[in-house]
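Residues per chain, in single letters:
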Amino acid sequence: MMRPAAADLLAWYDRHRRALPWRAGPGERPDPYRVWASEIMLQQTTVTAVKPYFERFMARFPTVQALAEAPSEAVMQAWAGLGYYSRARNLHACAIAVVAEHGGRFPDSEEGLRALPGIGAYTAGAVAAIAFDRPAAAVDGNVERVMTRLFAIEDLLPGARPLLRERVLVMMPQDRPGDFAQALMDLGATICTPRNPACGLCPWREPCRARAEGTQESFPRKAAKKAGVTRKGAAFVLLRADGALLLRTRPPKGLLGGMAEVPTSEWRADYELDGAWQDAPVVTRWEQLSPPVRHVFTHFPLELTVFKASAPAGTQAPAGMRFTPLAALGEEPLSGVMVKVLEAAGLYASSKTR
Ligand code: SF4
């Protein structure tokens, strides 16, 4: 069987590359700031959802200097709707670090990028390759799928990731690493899709082992999810002196989409309560309540530690949030877990549950 050639993928990419607002056109130099900002936005959000936000964000903060100099409320406001505000805080912190420590220029190596706030292995690889044409591997879900199918790699993910990175680096052409990284992502997003991959249109249909064996959809192989790993997080109940509660609305898609909630941290198995203050919506004296609130979703149990604080009358809600009078709570689409949080804070009687 022939070996897959990078040149075939690049020839396909030259004809079929996706036009994305953060992507440089053919022959143009990418703007590291736009590449980096898009990668941060895409971390837990789809391309379709990010596009309009990205355009607005760039109109408001056209350079890393503009972002670094902006008040954090303005950044949070521009971020509102993308969810997970810790990403926005890291984004802002990173812009400030790039300006303060690197004279406003992003470091051009994976190592240099990784040292910045909020940039992990994947983002460092993606920015190094796409913005600086460094031979760096950026293995996301799309790339995992393409590579495991192409070579019929049976090793289980996530353990197989280092092997996949190695395979990507071996194939990466020295003259167009950035295009190769983006071509792999595009192939996974548009042709080598999770269901019904369009193998007939794939530039690697000849060398692809999974296609030859008819086993495309069995890849990537994944370690069985540990059913019901408990996720943890912090929930922040802020009551204003006039009897209004700080709330926000969850992003429209995903778990509890569009429901109202008090601000919370991300919910993760490895959430560290020690750092919860970083996720709080305002800086104030938070009282930790116990015991934590427990709730069981279909796929995981959740344990939320509730923090409570009061705010003086006249306090403005942070961007993307609102104060709702307690008397009007019944009008808010509160989820079951939020009702439990408010009960734990002594603010809600279960008889009000709709
Ligand atoms: S031939 Fe099919 S399975 Fe193989 S890489 Fe191409 S689209 Fe994916």
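All figures in this text were calculated on a predicted structure; none of them were measured in a lab.

### Here we look at the overall build of the chain
- Tallying secondary structure elements over the chain gives 13 helices and seven strands in all.
- Expected size for 354 residues packed as a compact globule is a radius of gyration near 20 Å; at 23 Å, the chain falls within 12% of this value.
- With the principal axes as the frame, the chain shows a C-alpha extent of 70 × 45 × 30 Å.
- In the chain, the proportion of contacts linking residues at least 24 apart, taken out of those at least 6 apart, comes to 67%.

### Observations concerning the site of the ligand
- Every residue lining the ligand is accounted for by R149, I191, C192, C199, C202, R205, C208, R211 and Q216.
- Assessed atom by atom at 2 Å from the grid points, the ligand resides in the largest cavity.

### Focus on empty space enclosed by the protein
- Throughout the structure, instances matching the rule amount to three cavities of 30 Å³ or more.
- Lining the largest cavity are 14 residues, with R149, C192, C199, C202 and C208 positioned closest to its centre.
- Among the elements that line the lining of the largest cavity, the one with the most residues is helix α9 (residues 141-150), at three residues.
- Taken together, the residues that form the lining of the largest cavity break down as ten nonpolar, one polar and three charged.

### Observations concerning the environment of I96
- Among the structural elements, I96 can be located in helix α6 (residues 85-102).
- With relative accessibility at 39%, the residue I96 sits in the partly exposed group.

### Regarding the side chain of S38
- Position of S38 among the secondary structure elements: in helix α2 (residues 32-41).
- Sequence-distant contacts of S38, defined by excluding residues within four places in its chain, comprise W22 and F54.

### Things to note about the nonpolar core
- If you look at the biggest cluster of nonpolar residues, it comprises 77 residues, and the most contacted ones within it are W36, F57, F180 and W204.
- Setting aside residues up to four positions removed in sequence, W36 forms contacts with L67, L91, C94, A95, F106, I119 and V127.
- Ranked by size, the runner-up nonpolar core spans 25 residues in total, among them V237, L334, V337 and V341.

### Some words on the pattern of salt bridges
- Considering all chains together, one arrives at 16 salt bridges under this definition.
- When the shortest N-O distance is used, the salt bridge between D108 and R134 registers 3.2 Å. Of this pair, D108 sits in the loop between α6 and α7 (110-114) while R134 sits in the loop between α8 (121-132) and α9; the two residues are 26 residues apart in sequence, bridging distant segments of the chain.
- With relative accessibility at 35%, the residue R134 sits in the partly exposed group.
- For E213, the salt bridge identified is with R209, shortest N-O distance 3.6 Å. You can see E213 and its partner R209 sitting in helix α12 (residues 209-213), four residues apart, about one turn around the helix.
- Judged by relative accessible area, which is 44%, E213 ranks as partly exposed.
- Put simply, D14, R176 and D179 are held in one network by salt bridges that share partners.

### Here's the deal with the packing of α9 against helix α10 (residues 161-171)
- Between α9 and α10, the shortest axis-to-axis distance is 10 Å and the interhelical angle comes to 80°. With respect to each other, α9 and α10 are oriented roughly perpendicular. Residues V143, E144, M147, T148 and L150 of α9 touch α10, and the partners they reach there are R161, L164, R167, V168 and M171.
- Residues of the contact of α9 with α10, tallied by class, amount to six nonpolar, one polar and three charged.

### Remarks on the pairing of strand β6 (residues 301-311)
- Among the eleven residues of β6, eight are classified as buried, and the element is accordingly described as predominantly covered.
- The pairing of strand β1 (residues 231-240) with β6 spans ten bridges and is parallel. Directly across from R231, in β6, lies its bridge partner L302.
- The sheet contact formed by strand β4 (residues 287-288) and β6 spans two bridges and is antiparallel. Bridging from a neighbouring strand, Q288 pairs with F307 of β6.
- Where strand β5 (residues 293-296) and β6 come together, four bridges link them in antiparallel fashion.

### Digging into the domain arrangement of the chain
- Domain boundaries in the chain define domain 1 (6-218) and domain 2 (231-352).
- Placing the centre of domain 1 and that of domain 2 at their C-alpha centroids yields a distance of 33 Å.
- Listed as interface residues are eleven residues of domain 1 and, on the opposing side, nine residues of domain 2.
- Between domain 1 and domain 2 lies a buried interface of about 740 Å² when both sides are counted; carbon and sulfur atoms form 51% of it.
- For the pair domain 1 and domain 2, the interface holds zero salt bridges.
- Where domain 1 touches domain 2, the interface holds two residue pairs in polar contact (both at pLDDT 80 or more).
- Of all the elements in the fold, those that place two or more residues in the side of domain 1 that touches domain 2 are α5 (72-79) and α6.
- In terms of residue class, the side of domain 1 that touches domain 2 is made up of four nonpolar, five polar and two charged.

The rules behind the values
- Residues numbered from 1 in each chain as written.
- Predicted model: local features only at pLDDT ≥ 70, side-chain atom pairs only at ≥ 80, totals over all residues.
- Heavy atoms only, no water.
- Helix = DSSP H or I, 4+ residues; strand = E, 2+ residues; numbered from the N terminus.
- Rg over C-alpha atoms; globule rule 2.2 N^0.38 Å.
- Contact = heavy atoms within 4.5 Å.
- Near = heavy atom within 4 Å.
- 1 Å grid on protein atoms, 1.4 Å probe; cavity = no way out; pocket = protein on both sides within 12 Å on 5 of 7 lines; lining within 4 Å.
- Sits in = over half its atoms within 2 Å of the grid points.
- Points joined across faces, edges and corners; volume = space filled by probe spheres on them.
- Nonpolar A, V, L, I, M, F, W, Y, C, P; charged D, E, K, R; others polar.
- Buried < 20%, exposed > 50% of the residue type's maximum accessible area, 1.4 Å probe, protein only.
- Core = buried A, V, L, I, M, F, W, Y, C linked by side-chain atoms within 4.5 Å.
- Salt bridge = Lys/Arg side-chain N within 4 Å of Asp/Glu carboxyl O.
- Axes fitted to C-alpha atoms, helices over the stretch in contact; angles between N-to-C directions.
- Parallel < 35°, antiparallel > 145°, perpendicular 65-115°, else oblique.
- Pairing = 2+ DSSP bridges.
- Domains from an automatic or database assignment.
- Buried area = accessible area lost by both parts, 1.4 Å probe.
- Polar contact = N/O pair within 3.5 Å; in protein donor to acceptor, adjacent residues only side chain to side chain.

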